Number of protein chains: 4
Amino acid sequence: MNIIKTNKKLKSIGVLLSMFGIVACGQPESSKMANTKKLEPQQSKKNRHWPNGAQLVISFSMQFETGGQPDGAESPFSGKPLPKETPDMPANSWFRYGAKEGIYRMLKLWEKHGIHVTSHVVGEAAIKYPEVAKAIARGGHEIEAHGISWSDQWNMTYEEEYEFIKKGIDTVEAITGKRGRGYNANWLRRGPNTLKVLQDLNFLYHIDDLSRDEPFVTLVRGEKFVVIPYTLRNNDIVNIEGKNWSPDQFLAQLKAEFDQLYLEGASQRRMMSVSLHDRIGGAPGIVKVVDQFIEYAKSHQDVVFMRKDEIAEMVIDDPNTLIDPSEMEYNK
Amino acid sequence: MNIIKTNKKLKSIGVLLSMFGIVACGQPESSKMANTKKLEPQQSKKNRHWPNGAQLVISFSMQFETGGQPDGAESPFSGKPLPKETPDMPANSWFRYGAKEGIYRMLKLWEKHGIHVTSHVVGEAAIKYPEVAKAIARGGHEIEAHGISWSDQWNMTYEEEYEFIKKGIDTVEAITGKRGRGYNANWLRRGPNTLKVLQDLNFLYHIDDLSRDEPFVTLVRGEKFVVIPYTLRNNDIVNIEGKNWSPDQFLAQLKAEFDQLYLEGASQRRMMSVSLHDRIGGAPGIVKVVDQFIEYAKSHQDVVFMRKDEIAEMVIDDPNTLIDPSEMEYNK
Amino acid sequence: MNIIKTNKKLKSIGVLLSMFGIVACGQPESSKMANTKKLEPQQSKKNRHWPNGAQLVISFSMQFETGGQPDGAESPFSGKPLPKETPDMPANSWFRYGAKEGIYRMLKLWEKHGIHVTSHVVGEAAIKYPEVAKAIARGGHEIEAHGISWSDQWNMTYEEEYEFIKKGIDTVEAITGKRGRGYNANWLRRGPNTLKVLQDLNFLYHIDDLSRDEPFVTLVRGEKFVVIPYTLRNNDIVNIEGKNWSPDQFLAQLKAEFDQLYLEGASQRRMMSVSLHDRIGGAPGIVKVVDQFIEYAKSHQDVVFMRKDEIAEMVIDDPNTLIDPSEMEYNK
Amino acid sequence: MNIIKTNKKLKSIGVLLSMFGIVACGQPESSKMANTKKLEPQQSKKNRHWPNGAQLVISFSMQFETGGQPDGAESPFSGKPLPKETPDMPANSWFRYGAKEGIYRMLKLWEKHGIHVTSHVVGEAAIKYPEVAKAIARGGHEIEAHGISWSDQWNMTYEEEYEFIKKGIDTVEAITGKRGRGYNANWLRRGPNTLKVLQDLNFLYHIDDLSRDEPFVTLVRGEKFVVIPYTLRNNDIVNIEGKNWSPDQFLAQLKAEFDQLYLEGASQRRMMSVSLHDRIGGAPGIVKVVDQFIEYAKSHQDVVFMRKDEIAEMVIDDPNTLIDPSEMEYNK
């Protein structure tokens, strides 16, 4: 946890990297995992799978999209769409919940637990609700890019996609002072050019991949680009709205997944991703069970909660990080 | 609780308002929350977020719609519709359950717990089953407007909508002696004119908004109009029939939501809304778990169950009530 | 329970009726509810809502339909239908499960608990699997009519419907020796003529109604006809296959519904209906939880399990039985 | 369990059969069920329903299909398909999970418990990920045929189907050294010729039948062919992805089904089938609950985990094995 708190004090990524370097050399500072049970010296020797000595790294995603939704965007009302010129008043109020209640409730949860998360911010959401975007940044959370608007990008040309992504990070930076270094495409649907665009815009990583339970490196024109796998399994929009789970089912999923990954973390590098959207995961019942999940995770030794940019920085040059060639055909 | 009981004795809204005024001035009478644990004097000082000193206000909605349904209205049979001239006998009997069993079962539940709820009454349902509408009113529950019939209103002109709503309250008043002062549109789908129509008909509040966990004020032509947010999360038609939850899941949702809102209620104004429809929430298994939920809620201090008209009266002129400009463009 | 066992010994309905008459006069024989806790004399005075002194009557439906299904009948495979001339081999084997395992497993469950149920038998299923139909009859269960085939009947003329139902009872009687006296239409979808047809065929009752939690009488051409309400709430095909419940959810539903109805049974006549289909409810996991439910129900006093023909005989002339005019327009 | 380990050492089916013969003669070696509680001598007399003295045989299926999926194959993304020429990057990464994480995680689970399973291997999956196919074979698991590609076969001519299946087993044998002797069609949808093709290719059994809870024999052109019934009830793709169950629901289903079948196993031959797909059942939360299920099953006496080829060999000539004529019309 203190890794994250320390981050806030350090401005320079170089310093940050060297700090992780030290950690990777086998001297994890126990104070860096203040939120979970202390790392015993002899145990730290067993847990060498992460540079920082963690047995499991957990990273939360918090989507801030409300206000950026197009007409007819997926909601409890979108199954029976209204004519185009008619405002869908209750649907709009359902989305608005994310800005009025959801994000603030989650920010309090992260603060209570001393956790910093990655917030995927749609440009137009930040324009509509700048006070929300600023509150996220002020909380020490990562402001990550999610496009200027809530739209498909898999069908764009290289140039269109470049503009789409660049306008998003420029816009959000102007509001929050933070420039996104990681990317999340609408419904994960990047196209074959997306990683090249991200590389050209100096991005560090993307999350639109579901193939592993640990971060890895893919080569884009021969250069390293980090992939921090996303999750549909620990994902509120998929499970709560899509699969119709009640909060207790979501908690059961989180605990079962945690138990297995934590066990595996004793012998390999493991990461758990959890995703929460402003208007869904920000509801009282979901925040309640996420709170319970965090308490549960913290009751285990060597569990570390991290922002995705921190994870990417930590693993990009680590020799134990996997290099996965699966998408080489697109990224030459 | 006694707030509600007292209401029954007092005919005048003026008296009622002044009573809330007193409460708002910081002298909550502990006897007013007879159903939950007593308010300790020192704790009452902390809970100043509601004028009546509550830590959480819970309001139940009980829709009485059966008998007003059009052919093909949503039911377990509507997925395979019959030709227009053919009566759908089992579907009709499924709806009839609301009038024959559902409402009466819920009325007994409210009576057992000394709770008064808000009943959204479709005009044609009251015409078809006047004895049911009268039983609701006789129980001390709020008779709230839900249109003359079970139909879309977002596509009406101002004049049509005015007639639609007025005919509803006139009709239900003629049957029950109570005139609705709050409004609930079919599937929450009001149109851009709805609030103006409601204002012109001297309504006090509407519920077709999902954006907050507390009541707020919106300005309609510059005048205050109360919004008591509705819920899709604690809603039987959404979860039991739509999301296919079993009763234990509904209970898990209610408890998780309660836990979080109650916690938050220590430091801000919080309200929990629960919605039950005659033919769905009136089923034995759902009433059983709602009973369990009420017991659970009552085991916490300073939980108050209220009708929505009481809430609206209590907050409309309270200085701590939020004024939300989100829909200003429609309500000028 | 012994009520049912006694039934088997008594051939005459007159004798049966007078027996119930005696029970209704306040002398319930405790031996008649051998499967639940004994009726204490003083308690029997409180429970006068049923002629037999029960606090709750539970009736199971066991559909035997396998082998009668038309091509493309609802199954896990019917979502992607095959061309008409192609046999759907796995779908057929899925249905066959009902005849090979499902019914026999349920028969063992009823025998273990000394319960007699109502089996809704499709004529063509009995033709295809006569040994199954005979085993049901041999177990002392009611053979109830479910049409000659698995087809819509709401769109038939009076004459077609008469033939359809008559052929069903003639066929099943020829195989099992039992003539159906109660009726269940495919998907409950009777038409406006159905009750008249049933009356002309000397039926005693039908189940295709969902409007109440107790049997009642409807008048068909001025004559009494019993309605034993069916259930979609405690129904395997609706919940297990339709709503995708796991067995523990089905058990939760059964227990929640039981708890509420049993409570209500202290002050009014209450009945609980449970429905199980050969190929669904006959699966191991469902039988397991139904077994647990029966154990749970039996641990309560004055719970009686009955066939629907027994219930109909018991209530048709009882003065406390409701007469419901809701469908008078069709049954003149 | 040791039955399976012993299998690996014995190359000859003759020897294997005679071993089962001995077991069938009443001398089950307790060491053969090392993973469950020991068989007491007097109990072995009661459990004569299986030749090896088991009270319940459990067989896991592990589908290895990833990499063989066609464009648009069922995934969380297939509901909104992309144009044909557009690669679905996140869907592809979702499938890839099966090869990168899912199979390996399950292999570790089987190894931990000393269980050998039946792996249904699509030819093209083995071509794409030969290292995965080899790892499965190396673990002592059965390599069973699942077609050369992930395609419909119910619409093929005899010759096409012969080629389709033969190419699959030839291909997988070339990679793993193991030739499939059992068959599983895509979505269980074999055609009327399938069993004849399998017979002509010297297959021993197929699994595309859901009609019983024990293996049986069907006659194909008068010769015995074993059917090891498959399951949709204990099936990850049906329940987790199709029915949207959370892991705890899947565990509840497995336990309820086990309890009932185990009970029945005292008086008849019973088998439980469980099915897990690489990219679904290989997820952490599912493996966690399957692990818990195996622990639960093992805490019962005389539970044996077997590969399907072992089961087929054990029952094909056993006199207690059912011969089922249901599909005679197709198999003459």
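Reading the values: rules and limits
Residues numbered from 1 in each chain as written. Chains lettered and ligands numbered in written order. Predicted model: local features only at pLDDT ≥ 70, side-chain atom pairs only at ≥ 80, totals over all residues. Heavy atoms only, no water. Contact = heavy atoms within 4.5 Å. Buried area = accessible area lost by both parts, 1.4 Å probe. Polar contact = N/O pair within 3.5 Å; in protein donor to acceptor, adjacent residues only side chain to side chain. Nonpolar A, V, L, I, M, F, W, Y, C, P; charged D, E, K, R; others polar. Core = buried A, V, L, I, M, F, W, Y, C linked by side-chain atoms within 4.5 Å. Buried < 20%, exposed > 50% of the residue type's maximum accessible area, 1.4 Å probe, protein only. Least-squares fit on C-alpha atoms with pLDDT ≥ 70 in both. Helix = DSSP H or I, 4+ residues; strand = E, 2+ residues; numbered from the N terminus. Axes fitted to C-alpha atoms, helices over the stretch in contact; angles between N-to-C directions. Parallel < 35°, antiparallel > 145°, perpendicular 65-115°, else oblique. Left-handed = near helix turned anticlockwise from the far one by under 90°. pLDDT = per-residue confidence, 0-100. Pairing = 2+ DSSP bridges. Expected span 1.5 Å × (residues − 1). Bend = angle between axes of the 7 residues up to and from the residue.

Focus: the interface of chain D and chain C
No. 1: Across the contact, 34 residues belong to chain D and 31 residues belong to chain C.
No. 2: Interface area for chain D against chain C, summed over the two sides, is near 2,900 Å², with a carbon-plus-sulfur share of 56%.
No. 3: Our count for the contact surface shared by chain D and chain C stands at 17 residue pairs in polar contact (both at pLDDT 80 or more).
No. 4: Taken together, the residues that form the side of chain D that touches chain C break down as 11 nonpolar, eight polar and 15 charged.

Points about the nonpolar core
No. 1: Formed by 307 residues in total, the largest nonpolar core has its most connected members in A:F60, B:F60, C:F60 and D:F60.
No. 2: Every residue in contact with A:F60, bar those within four places of it in the chain, is listed here: A:W110, A:I115, A:V117, A:T118, A:V274, A:L276, A:V290, A:F293, A:I294, A:F305 and A:K308.

Some words on the relation of the copies chain D and chain C
No. 1: The two copies are related by a screw motion: chain D maps onto chain C through a turn of 90 degrees and a shift of 0.0 Å along the axis, at an RMSD of 0.0 Å. Considering both components of the superposition, the chain copies are consistent with a four-fold axis.
No. 2: The residues that chain D uses at the interface reappear at the interface of chain C in only 6% of cases, marking distinct surfaces.

Some details on the side chain of B:E257
No. 1: If you trace the backbone, B:E257 turns up in helix α10 (residues 247-264).
No. 2: A distance of 3.2 Å separates polar atoms of two side chains, one belonging to B:E257 and the other to B:N234.
No. 3: In this view, B:E257 contacts A:P284, A:G285, B:R233, B:N234 and B:M272; residues no more than four positions away in its chain are not counted.

Focus on the packing of helix α10 (residues 247-264) of chain D against helix α11 (residues 284-298) of chain D
Residues and elements named next belong to chain D.
No. 1: At a closest axis distance of 9 Å, the pairing of α10 and α11 adopts a crossing angle of 25 degrees. Taken together, the axes of α10 and α11 are roughly parallel relative to one another. Note on packing geometry: the crossing formed by α10 with α11 is right-handed. Of the residues in α11, those touching α10 at P247, F250, L251, L254, K255, F258 and D259 are G285, I286, V289, V290, Q292, F293, Y296 and A297.
No. 2: Its residues placed into classes, the contact of α10 with α11 shows 11 nonpolar, two polar and two charged.

Topic: the confidence of the model for chain A
All names here are of chain A.
No. 1: Mean pLDDT over chain A works out to 88, with 86% of the residues at or above the 70 mark.
No. 2: Confidence drops under a pLDDT of 50 for residues 1-35, and excluding neighbours within four residues, the segment shows 62 contacts in the predicted structure.
No. 3: Predicted confidence is poor over residues 38-44, with pLDDT under 50, and the contacts of this stretch with residues over four places away or in other chains come to 14 contacts.
No. 4: The ipTM for the predicted assembly is 0.88, set against a pTM of 0.89.

Regarding the pairing of strand β7 (residues 223-227) of chain C
Residues and elements named next belong to chain C.
No. 1: Bridge count between strand β5 (residues 205-206) and β7: two bridges; the pairing is parallel. When the bridges of β7 are listed, Y205 appears paired with V226.
No. 2: Both strand β6 (residues 216-220) and β7 contribute to a ladder of five bridges, which runs antiparallel. Bridging from a neighbouring strand, V220 pairs with E223 of β7.
No. 3: Between the antiparallel neighbours β6 and β7 lie two residues, among them R221 with a positive phi of about 50 degrees.

A look at the side chain of C:T176
Residue and element names in this part refer to chain C.
No. 1: Residue position: T176 is located in helix α7 (residues 158-176).
No. 2: On the accessibility criterion, T176 (14% relative accessible area) is buried.
No. 3: Beyond its immediate chain neighbours, meaning those up to four positions away, T176 contacts A133, K134, A137 and I143.

Description of the environment of A:G98
Residues and elements named next belong to chain A.
No. 1: Relative to the assigned elements, G98 resides in helix α4 (residues 89-113).
No. 2: Take G98: its relative accessible area is 0%, and that puts it in the buried class.
No. 3: Once residues within four sequence positions are removed from consideration, G98 is found in contact with T66, I103, D278 and R279.

Here's the deal with α4(A)
Turn by turn, an α-helix covers 3.6 residues, leaving residues three or four places apart pointing in a common direction.
All names here are of chain A.
No. 1: Across its 25 residues, α4 extends 36 Å between first and last C-alpha, which sits within 8% of the 36 Å expected from 1.5 Å per residue.
No. 2: Taking the largest bend as the criterion, α4 deviates by roughly 40 degrees, centred on E101.
No. 3: With 20 of 25 residues buried, α4 is to be regarded as a mostly interior element.
No. 4: Looking one or two places after α4, you find G114, whose phi comes out positive at around 65 degrees.

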